[in-house]
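# Tertiary structure, described
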Amino acid sequence: PGGPSRAAEVAYWTGCAHEALGDTTRARASWTEAAAVSAPTEGGRRGGRGGTGGALAGRASRYFQALALRKLNQADQAATIFRDLVAAGAAALAASTETADTAPGFGPPQSARARAATAHYLIGLGHAGLGEKEKARAELTAALAATPDHLGAKLALGQL
């Protein structure tokens, strides 16, 4: 449900709901499903939002995969994904200064502000997953400064 970019998120939260209801077997099954969702590709063919920013936005699903892995007692794998999110966001920020608003991709191009917001969002998610709350807060705030209607950044900021 929700396509590849949201499947891990849906499965993760489903697992949390089962956990809250005391059904650890179904919770673990949902988290296992979340951890197994295919990662978006670099070219943007998965992740579904189009353009270079869309492929980057699809990477947010990795955050929920990592949270699921942590629930499954695979903290080392989760930490690797969180660090990868920080690195991908930082690389996207560096590249966004070199890319015009009309960058070619697999869908409609995104503005430089939208790409920067998505990059800050990914960095913020990575820091949040690593327990670096101040760094996460700063990055999520930067995402909202670039694009004030970034729902993912608003939600993540509220969970810190």
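Before reading on, note that the structure itself is shown above.
Rules and cut-offs
- Residues numbered from 1 in each chain as written.
- Predicted model: local features only at pLDDT ≥ 70, side-chain atom pairs only at ≥ 80, totals over all residues.
- Heavy atoms only, no water.
- Helix = DSSP H or I, 4+ residues; strand = E, 2+ residues; numbered from the N terminus.
- Buried < 20%, exposed > 50% of the residue type's maximum accessible area, 1.4 Å probe, protein only.
- Contact = heavy atoms within 4.5 Å.
- Core = buried A, V, L, I, M, F, W, Y, C linked by side-chain atoms within 4.5 Å.

Within the protein chain, the secondary structure is distributed over 8 helices and 0 strands. Sequence-ordered secondary structure for the protein chain, helices as α and strands as β, is α-α-α-α-α-α-α-α. Per-residue burial over the protein chain gives 45% buried out of 160 residues. Put simply, of all contacts in the protein chain between residues at least 6 apart along the chain, 55% involve residues at least 24 apart.

As a further point, take the environment of Gly131. Within the secondary structure, Gly131 sits in the loop between α6 (112-129) and α7 (133-146). Note: C-alpha distance between Gly131 and Phe82 (49 residues apart in sequence) is 9.9 Å.

Position of Asp76 among the secondary structure elements: in helix α5 (residues 75-96). Once the C-alpha coordinates of Asp76 and Ala66 are considered, the two residues, 10 residues apart in sequence, prove to be 9.5 Å apart.

Here we come to unusual backbone geometry. Notably, Asn73 is not glycine yet its phi reads approximately 60°, a positive angle. Mapped onto the elements of the fold, Asn73 is located in the loop between α4 (60-71) and α5. Note on Asn73: relative accessible area 68%, which makes it exposed.

On to the nonpolar core. One finds Tyr12, Trp31, Tyr63, Phe82, Tyr121 and Leu125 to be the most contacted residues of the largest nonpolar core, which totals 33 residues. Every element with two or more residues in this core is listed here: α1 (4-20), α2 (24-36), α4, α5, α6, α7 and α8 (151-158). Residue contributions to this core peak at 7 residues, all from α4. Setting aside anything within four residues of it in sequence, one finds Tyr63 in contact with Phe82, Leu85, Leu125, Ala128 and Gly129.

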